[in-house]
2 protein chains.
Amino acid sequence: MAHVDFWYEFASTYSYPAAMRIEALAAARSLTIGWRPFLLGPLFADFGWRDSPFNIYPVKGRYMWRDMRRICDSLDLPLSPPEPFPQNSLLAARIALALDGEARAAFSKAVYRAEFGEGATISDRATMAALLAATGADPEATLALAEQGANKDRLKAECATARSLGLPGAPCLVTPDSEVFWGNDRLEQGLDWARAARRR
Amino acid sequence: MAHVDFWYEFASTYSYPAAMRIEALAAARSLTIGWRPFLLGPLFADFGWRDSPFNIYPVKGRYMWRDMRRICDSLDLPLSPPEPFPQNSLLAARIALALDGEARAAFSKAVYRAEFGEGATISDRATMAALLAATGADPEATLALAEQGANKDRLKAECATARSLGLPGAPCLVTPDSEVFWGNDRLEQGLDWARAARRR
């Protein structure tokens, strides 16, 4: 089966519906997904941004939240914006990276549902521990692994890879032939591209 | 028939495929389209931008041009980026506003095809005159009308309306119940919304 990388940031609103949709869309095309958590902060710093563009530009923020409401309504996903927005996603990203395969996917979806579906604070260790337990992982062992230097360095390397791939934001799909598709609204197009590339 | 407003900016890349797609999509839903040319400059000035964000943020610019290439390829639309980008769109917007109904739609599509399909300079009066003639309008009379004070003021008023509607960019659809849908990739969703709203 061909493989597509799904790059996501836990603070990113549009990554929430994308994370909830990606698995069924990939399965329908016989594609496997690599879950690649990263941080937008370093990329945004390149743009001179020290905050979410949805806060820097209120017109874009108002539009985004209305757009998210329509998207979540159409998918029957709950939406309860977290306070503050954006959330500090460093801990969640480190934890996700410390997990593998199915465990990483399950934890990531649980984080998004808690953060944007229930307005939870994802920088909170107890909240993260509860989500780990709920998705079948060992909270203490995983938190310890997440905060080891090697895992922190691995997240930095992932952010460097994201920059070198030219990702303009999150979420992004990256196909085996290095095509980048940005946005929840590009999932189908990116997966179709990967399927067609496999046949070439 | 219900009506949807299509707000577009001649300098906007994604407005090009949107302008080429909107009529067939609207007709398939029995919706009429109001072609509303405007200028992004005043909105971007609110953001502190004096240039296209695709120039200010080169990562976004590189992504946009690759994305446009894929979109245009999929629609069999030619793509030849104009130099410089963005083009000065003031004259084209004034001319479009001086035309009505079908003439405005035909001229607007001709401008986009020349600008992004052939790399033409849309601030050039002779180029605009040729496009007016090619789409059945009287070039001299239309150019004279376009540059009258009343028409210039009308364009300013349209830009003020765009700001008051909270448009975050271009293109946008605005439905009769004031929902805003931003982007070429939101045309279907916006038109479906307008169709459903008509039934409510």
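Once a new chain begins, its residue numbering starts again from 1 and follows that chain's sequence as written. All chains are assigned letters beginning with A, and all ligands numbers beginning with 1, in the order in which they are written. Since the coordinates come from a predicted model, pLDDT governs what is reported: local features require at least 70, and pairs of side-chain atoms require 80 or more to be given and counted, while whole-chain, interface and lining totals use all residues. Only hydrogens and water are set aside when side-chain values are computed; all heavy atoms of the structure are taken into account.

### Some remarks on the environment of Ser-12 of chain B
All names here are of chain B. Positionally, Ser-12 belongs in the loop between strand E1 (2-8) and helix H1 (15-28). Through-space distance from the C-alpha of Ser-12 to that of Glu-102 is 21 Å; in sequence the pair is 90 residues apart. Should any heavy atoms of two residues lie within 4.5 Å, those residues are considered in contact. Setting aside its immediate chain neighbours within four residues, Ser-12 contacts Leu-40, Tyr-112, Phe-116, Ala-170 and Pro-171. Nitrogen and oxygen atoms within 3.5 Å of one another constitute a polar contact, given that in protein one can donate a hydrogen and the other can accept it, and given that sequence-neighbouring residues count only through two side-chain atoms. Here Ser-15 takes part through its side chain, which lies 2.7 Å from a polar atom of the side chain of Ser-12. Secondary structure elements follow DSSP: runs of H or I of four or more residues count as helices, runs of E of two or more count as strands, with numbering from the N terminus.

### So, unusual backbone geometry
Residue and element names in this part refer to chain A. In this structure, Pro-84 follows Glu-83 across a cis peptide bond, with omega equal to -5°. Mapped onto the secondary structure, Pro-84 falls in the loop between helix H4 (58-75) and helix H5 (90-98). Residue Pro-171 is reached from Ala-170 by a cis peptide bond, and omega for that bond is 0°. Assignment of secondary structure puts Pro-171 in the loop between helix H9 (149-164) and strand E3 (172-174). Residues other than glycine seldom take positive phi values, yet Ser-178 does so here, at roughly 70°. Here Ser-178 lies in the loop between E3 and strand E4 (180-182).

### Quick word on the relation of the copies chain B and chain A
The atoms used to superpose the copies are C-alpha atoms, taken from residues with pLDDT of at least 70 in both, and the fit is least squares. When chain B is brought onto chain A, the operation consists of a screw motion whose angular component is 180° and whose axial shift is 0.0 Å, with 0.0 Å RMSD remaining. Both chain copies can therefore be described as sitting about a two-fold axis. Minimal C-alpha separation from the rotation axis in chain B is found for Asp-185 of chain B, amounting to 3.7 Å. Comparing interface residues between copies, 100% of those in chain B also sit at the interface in chain A, which points to an isologous, same-surface contact.

### Concerning the sheet that holds E3 of chain A
Residues and elements named next belong to chain A. Strands are treated as partners if at least two bridges between them are detected by DSSP. Reading across the sheet, the four strands line up as E2-E1-E3-E4 and stay open at both edges, with mixed pairing between neighbours. Each edge of the sheet is formed by a strand with only one pairing partner; in this case those strands are strand E2 (31-37) and E4. If you compare each strand with its neighbour and ignore which way they point, the axes differ by 25° on average. Relative to E2, strand E1 (residues 2-8) runs parallel, the two sharing seven bridges. The residue bridging Tyr-8 from the neighbouring strand is Pro-37, located in E2. Here, axes are lines fitted to C-alpha atoms. For helices the fit covers the stretch in contact, and angles between N-to-C directions go from 0 to 180 degrees. Along the sheet face, helix H6 (residues 101-118) touches E1 and E2 and points at about 60° away from the line of E2.

### Some remarks on the interface of chain B and chain A
Listed per partner, the contact involves 22 residues of chain B and 22 residues of chain A. When the buried surface of chain B facing chain A is broken down by residue, Lys-60, Tyr-63 and Arg-70 of chain B rank first, second and third, together holding 28% of it. Think of a salt bridge as a Lys or Arg side-chain nitrogen and an Asp or Glu carboxyl oxygen that are within 4 Å of each other. Remark: the boundary between chain B and chain A carries eight salt bridges. Of the charged contacts in the structure, one is a salt bridge between Asp-185 of chain B and Arg-186 of chain A, with a shortest N-O distance of 2.5 Å. Buried surface area refers to the total accessible area, computed with a probe of radius 1.4 Å, that the two partners give up upon joining, counted for both partners together.

### Some thoughts on the pairing of E1 of chain A
Residue and element names in this part refer to chain A. Among the seven residues in E1, six count as buried, and that is most of the element. Between the parallel elements E1 and E2, the chain passes through helix H1 (residues 15-28) in a crossover that is right-handed. Where E1 meets E3, three bridges bridge the pair, whose relative direction is antiparallel. Within E3, the position partnered with Asp-5 by the bridge is Val-174. Only protein chains enter the accessibility calculation, which uses a 1.4 Å probe; a residue is then buried when its area is under 20% of its type maximum, exposed when over 50%, and partly exposed in between. Seen with its strands pointing away from the viewer, a crossover is right-handed if its path from the first strand over the helix to the second goes clockwise.

### Focus: the packing of helix H5 (residues 90-98) of chain B against helix H7 (residues 125-134) of chain B
All names here are of chain B. Look at H5 against H7: their axes get within 10 Å of each other, and the N-to-C directions meet at 30°. It follows that H5 is roughly parallel to H7 by the angle criterion. Along this stretch, H5 crosses H7, giving a crossing that reads as right-handed. Facing Leu-91, Ala-92 and Ile-95 of H5, the residues of H7 in contact are Arg-125, Met-128 and Leu-132. Three residue categories are used. Nonpolar comprises Ala, Val, Leu, Ile, Met, Phe, Trp, Tyr, Cys and Pro, charged comprises Asp, Glu, Lys and Arg, and polar comprises the others, including Gly. The class makeup of the residues in the contact of H5 with H7 is five nonpolar, no polar and one charged. Angles are sorted into four bins: roughly parallel if under 35 degrees, roughly antiparallel if over 145, roughly perpendicular if 65 to 115, and oblique for all others. Crossings are sorted by hand: turned counterclockwise from the far helix by less than a right angle, the near helix makes the crossing left-handed, and turned clockwise it makes it right-handed.

### Some points on the packing of aromatic side chains
Centres within 6.5 Å make a pair out of two Phe, Tyr or Trp rings, where for Trp the six-membered ring is used; the pair is then stacked when the planes are under 30 degrees apart, edge-to-face when over 60, and tilted otherwise. Counting across every chain of the model gives 40 aromatic pairs over all chains. With 5.1 Å between their ring centres and 65° between their planes, Tyr-57 of chain A and Trp-49 of chain B make a pair best called edge-to-face. Within this pair, whereas Tyr-57 of chain A is found in the loop between helix H3 (53-56) and H4, its partner Trp-49 of chain B is found in the loop between helix H2 (41-46) and helix H3 (53-56), the two belonging to separate chains. Assessed through its relative accessible area of 8%, Trp-49 of chain B is described here as buried. Ring centres of Trp-65 of chain B and Phe-85 of chain B lie 5.1 Å apart, and the angle between their planes is 75°; on these two criteria the pair is classed as edge-to-face. Of this pair, Trp-65 of chain B sits in helix H4 (residues 58-75) while Phe-85 of chain B sits in the loop between H4 and H5, and the two are 20 residues apart along the sequence. For Phe-85 of chain B, a relative accessible area of 14% gives the class buried.

### Concerning the pattern of salt bridges
Residue and element names in this part refer to chain A. A full pass over the atoms with the stated rule returns 28 salt bridges over all chains. Between Arg-70 and Asp-67 there is a salt bridge, with its nearest N and O atoms 3.4 Å apart. Pair noted here: Arg-70 and Asp-67 are both in helix H4, with a separation of three residues, about one helical turn. In terms of burial, Arg-70 and Asp-67 fall into one category: buried.

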